[in-house]
Amino acid sequence: EQPAAPRQFHLGMFEIGRPLGKGKFGRVYLVRERSSGFVCALKVLHKNELKHGGAETQVRREIEIQSNLRHPNILRLFGHFHDSKRIFLILEFAGKGELYKHLRRENKFPEWKAAQYVAQMAAALKYCHKKHIIHRDIKPENILLGIHGEIKLSDFGWSVHAPSNRRETLCGTLDYLPPEMLKPGRDKNVYSNKVDLWSLGVLTYEFLVGEAPFEDTPVMTQRKISRGEMTVPGFVSPEAKDLIKRLLVLDPEKRISLDQVQEHPWIIKHCVKGE
Ligand SMILES: CCCCNC(=O)c1cccc(NC(=O)CCCCCNc2ncnc3[nH]cnc23)c1
C-alpha cells in the first residue's frame with residue numbers, strides 16, 4: 001500500500017515541556033504532539049547563529065542522513081520544519097538521557113555494561129557503514145540512552161558519505177580523532193569508515209578506565225594519537241585490553257572489523273543472552 005505521506009509539521013502541533021539540554025546553536029525540549037499524545041524531543045536551532053557558525057551544511061547533513069536511518073541503536077529523526085528564525089528537528093526522546101553524564105557520575109562502567117554498550121555501538125555503526133555513512137564524531141557526548149538503557153547514537157551533524165575527503169574545522173575534543181584525520185596532507189585527507197573503529201576503541205577505553213587513552217594537553221594528545229601511545233591500566237581484563245588494542249591500530253586497514261568486534265571473546269562473554 002501507499003507509504004505514509006510525509007507529514008507537515010508546525011510548532012503549534014506541540015506542547016512544549018522541560019528543556020532536555022542545550023548545544024552550540026540551540027536547545028532541545030521534551031515535547032508532546034497534541035493530537036497523538038506522542039512524546040518526543042524538539043531540537044531548536046537558530047538560523048542566524050548557524051550561519052555565523054557555518055553549521056548550515058552540518059544541519060542539512062544531520063537531517064538528510066538521520067531521517068533515513070532506522071535502527072534501534074540510532075536516535076530517530078521523525079521530521080523537521082522551520083520558521084523565519086529557527087529550524088526545528090523532531091527527534092526520538094531518549095528516556096535515560098546523556099550517556100556521558102552516567103559515565104561521569106559512575107566514573108567508569110563495569111565490564112559487563114561497557115561490553116553491552118560496545119556491542120550496541122558496533123551494531124549501530126555496522127548499519128551506518130552498510131549505508132556508506134561514516135559518523136566521524138563518536139564520543140560519549142553524542143550518545144543517549146533509551147528508556148531501557150539501550151544505546152541511541154545521535155548527532156549526525158559531522159557524519160558524511162564514505163569515502164570522504166572533506167576538510168572541516170574541527171572543534172571540541174581531539175581525544176577521539178584517529179591518526180589519519182590528524183595528518184593533513186593531500187591524499188591523507190581521504191579517510192574511510194575505519195575512523196569510526198578507532199573512535200570505538202577510544203570509547204571502549206573511556207568506558208572502562210573513566211578517561212580517554214590519549215588525554216593530555218592538545219599538543220601532547222595529537223602526538224600520542226599519531227604514535228598510538230597509550231597504556232591500559234592493570235584493572236582492565238586481558239580480553240577487554242585485547243579488543244582496545246585491536247581497535248587502536250594506527251593503520252586503518254589493520255583495525256579489527258565491526259563483525260570481529262561483535263564476535264570478540266570479551267563481547268561474547270558479556271553479551272550472549274542468558275549469560
Ligand atoms: C549539527 C549542527 C548543530 C549542532 N548542534 C547544536 O547546536 C545543538 C542544538 C541543540 C542541542 C544540542 N545538543 C544538546 O542538547 C546536547 C545535550 C542533549 C542532551 C539531552 N538531549 C536529549 N535527551 C533525551 N532525548 C533526546 N532526544 C534528542 N535529544 C535528546 C546541540
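All figures in this text were calculated on a predicted structure; none of them were measured in a lab.

What counts and what doesn't
Residues numbered from 1 in each chain as written. Predicted model: local features only at pLDDT ≥ 70, side-chain atom pairs only at ≥ 80, totals over all residues. Heavy atoms only, no water. Helix = DSSP H or I, 4+ residues; strand = E, 2+ residues; numbered from the N terminus. Rg over C-alpha atoms; globule rule 2.2 N^0.38 Å. Buried < 20%, exposed > 50% of the residue type's maximum accessible area, 1.4 Å probe, protein only. Contact = heavy atoms within 4.5 Å. Lys, Arg positive; Asp, Glu negative; His and termini not counted. Charge placed at Lys NZ, Arg CZ, Asp CG, Glu CD. Salt bridge = Lys/Arg side-chain N within 4 Å of Asp/Glu carboxyl O. Pairing = 2+ DSSP bridges. Axes fitted to C-alpha atoms, helices over the stretch in contact; angles between N-to-C directions. Disulfide = S-S within 2.5 Å. pLDDT = per-residue confidence, 0-100. Expected span 1.5 Å × (residues − 1).

Notes on the overall build of the protein
From N to C terminus, the protein includes ten helices and ten strands. Over its C-alpha trace the protein gives a radius of gyration of 19 Å, about what one expects of a compact globule, namely 19 Å for 275 residues. Judged by the C-alpha coordinates and their principal axes, the protein covers about 55 × 50 × 40 Å. Across the 275 residues in the protein, those meeting the buried criterion constitute 48%. For the protein, contacts bridging at least 24 residues in sequence account for 64% of all contacts bridging at least 6. Computed over 44 positive and 33 negative side-chain charges, the separation of the two mean positions in the protein equals 3 Å.

Thoughts on the pattern of salt bridges
Per the stated rule, a full pass over the model turns up 18 salt bridges. The salt bridge partner of Arg-86 is Asp-83, with a shortest N-O separation of 2.7 Å. Judged by its relative accessible area of 28%, Arg-86 is partly exposed. A salt bridge links Arg-227 to Glu-229, with the nearest nitrogen and oxygen atoms 3.6 Å apart. For Glu-229, a relative accessible area of 38% corresponds to the partly exposed category. Overlapping salt bridges, with partners in common, bring together Lys-43, Glu-62 and Asp-155 in one network.

Section: the side chain of Asn-142
Structurally, the position occupied by Asn-142 is in the loop between β7 (133-134) and β8 (143-145). By relative accessible area, which is 5% here, Asn-142 ends up buried. What Asn-142 contacts, discounting residues up to four positions off in sequence, is His-135, Asp-137, Lys-152, Leu-153, Ser-154 and Asp-155.

Comments concerning the sheet that holds β8
Ordered by their spatial adjacency, three strands build an open sheet running β6-β8-β9, and the pairing between neighbours is antiparallel. Strand pairing shows two members of the sheet lacking a second neighbour, β6 (97-98) and β9 (151-153), which therefore form its edges. Where β6 meets β8, two bridges bridge the pair, whose relative direction is antiparallel. Each bridged residue has a counterpart across the sheet, and for Gly-97 the counterpart in β8 is Leu-145. Seen against the sheet, helix α4 (residues 111-130) touches β8 and β9 and runs at an angle of roughly 35° to β9.

Considering the state of the cysteines
Disulfides are covalent bonds that connect the sulfur atoms of two cysteines. Throughout the structure, instances matching the rule amount to zero disulfides. Counting only cysteine sulfurs, Cys-128 is the nearest neighbor of Cys-271, a cysteine outside any disulfide, at a range of 19 Å.

Concerning the sheet that holds strand β5 (residues 86-91)
Here five strands make up an open sheet; going across it, the order is β1-β2-β3-β5-β4 and the pairing antiparallel. Two strands bound the open sheet, and with one partner strand each, they are β1 (14-23) and β4 (77-82). For this sheet, the mean inter-axis angle between neighbouring strands, taken without regard to orientation, is 25°. The strands touched by helix α2 (residues 56-66) are β3 (39-46), β4 and β5; relative to β5, the strand with the most contacts, the crossing angle is about 30°.

As for the confidence of the model for the protein
The predicted model of the protein has a mean per-residue pLDDT of 91, with 91% of residues at 70 or higher. Confidence estimates for the predicted assembly give a pTM of 0.92 and an ipTM of 0.93.

Description of helix α6 (residues 194-209)
The terminal C-alpha atoms of α6 lie 23 Å apart, and with 16 residues this matches the ideal 22 Å at 1.5 Å per residue to within 8%. Judged by how many residues are buried, α6 sits mostly within the fold: 15 of 16 residues are covered. Within two residues after α6, Gly-210 carries a phi angle of roughly 95°, on the positive side.

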